Amino acid sequence: MSNSPLTHFNAAGEAHMVDVGDKAITQRQAVCEGYIEMQPETLALIAAGSHKKGDVLGIARIAGIMASKKTAELIPLCHPLPISHVELSLQAQTDLSRVYCQTTVKTTGQTGVEMEALTATQIALLTIYDMCKAVDRGMTIQGVRLLEKSGGKSGNWQRDEA
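This text gives an overview of the structure that appears in the document. (Residues numbered from 1 in each chain as written. Predicted model: local features only at pLDDT ≥ 70, side-chain atom pairs only at ≥ 80, totals over all residues. Heavy atoms only, no water.)

Describing the overall build of the chain
In terms of helices and strands, the chain carries four helices and five strands. Evaluated residue by residue, the chain yields a buried proportion of 36% over its 162 residues. The contacts of the chain with a sequence gap of at least 6 include a subset with a gap of at least 24, amounting to 68%. Working note: accessible area of the chain is about 9300 Å², and carbon and sulfur atoms make up 53% of it. (Helix = DSSP H or I, 4+ residues; strand = E, 2+ residues; numbered from the N terminus. Buried < 20%, exposed > 50% of the residue type's maximum accessible area, 1.4 Å probe, protein only. Contact = heavy atoms within 4.5 Å. Areas by Shrake-Rupley, 256 points an atom, 1.4 Å probe, with all protein chains shown as cover.)

As for a nonpolar patch on the surface
A cluster of nonpolar side chains, contributed by Leu74, Ile75 and Met115, occupies part of the molecular surface with about 250 Å² of accessible area. When you line up the elements, Leu74 lands in helix H3 (residues 71-74). Judged by relative accessible area, which is 54%, Leu74 ranks as exposed. (Patch = residues over 30% accessible without salt bridge, like charges linked within 9 Å, V, L, I, M, F, W, Y side chains within 5 Å. Salt bridge = Lys/Arg side-chain N within 4 Å of Asp/Glu carboxyl O.)

Quick notes on the pairing of strand E1 (residues 26-37)
Bridging between E1 and strand E3 (residues 98-109) involves twelve bridges; their strand directions are antiparallel. Across the sheet, residue Cys32 finds its bridge partner in E3, namely Thr103. Examined bridge by bridge, E1 and strand E4 (residues 140-150) share eight bridges and lie antiparallel to one another. For Glu33, the partnering residue across the bridge sits in E4 and is Arg145. (Pairing = 2+ DSSP bridges.)

Observations regarding the pairing of E4
For E4 and strand E5 (residues 157-158), the ladder comprises two bridges, and the chain directions are antiparallel. Residue pairing across strands places Glu148 opposite Gln158, the latter belonging to E5. With antiparallel pairing between neighbouring strands as the criterion, E4 and E5 make up a hairpin whose turn holds six residues, including Gly151 at a positive phi of roughly 95°.

What follows is the structure, encoded as structure tokens:
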């Protein structure tokens, strides 16, 4: 086995799926955030629910939840996990001209759900972009990051904002 801190490479330097078979089954949770900046007029359309494509935030929420369940199909070395809960919150922040997304994913298993939470956040924000690009191609997705994770051998981790 390689001494590299990058666990997805074997001793020969080849990519491989990490063996989690001997890891303890524990409660696991990950919380991520991100946002999409846009023109104030675009955000007004979303907030008023008057976008011609319908409920932008509702559709983005469902897309994010669906994406969390498909993460292992998108990320080559990611384990398929039985997700027990996904909560995806989207908030229009008119003072910042953006939609803020926070996602919490939970499971009971042998590996964490950080990738599922990050994927859900990204896809929710990409869905907003897709639905609104006809009126605002300059939207920018930013700040997608892990805020905290819990469970497993490495224990709890929380982002320092100092």
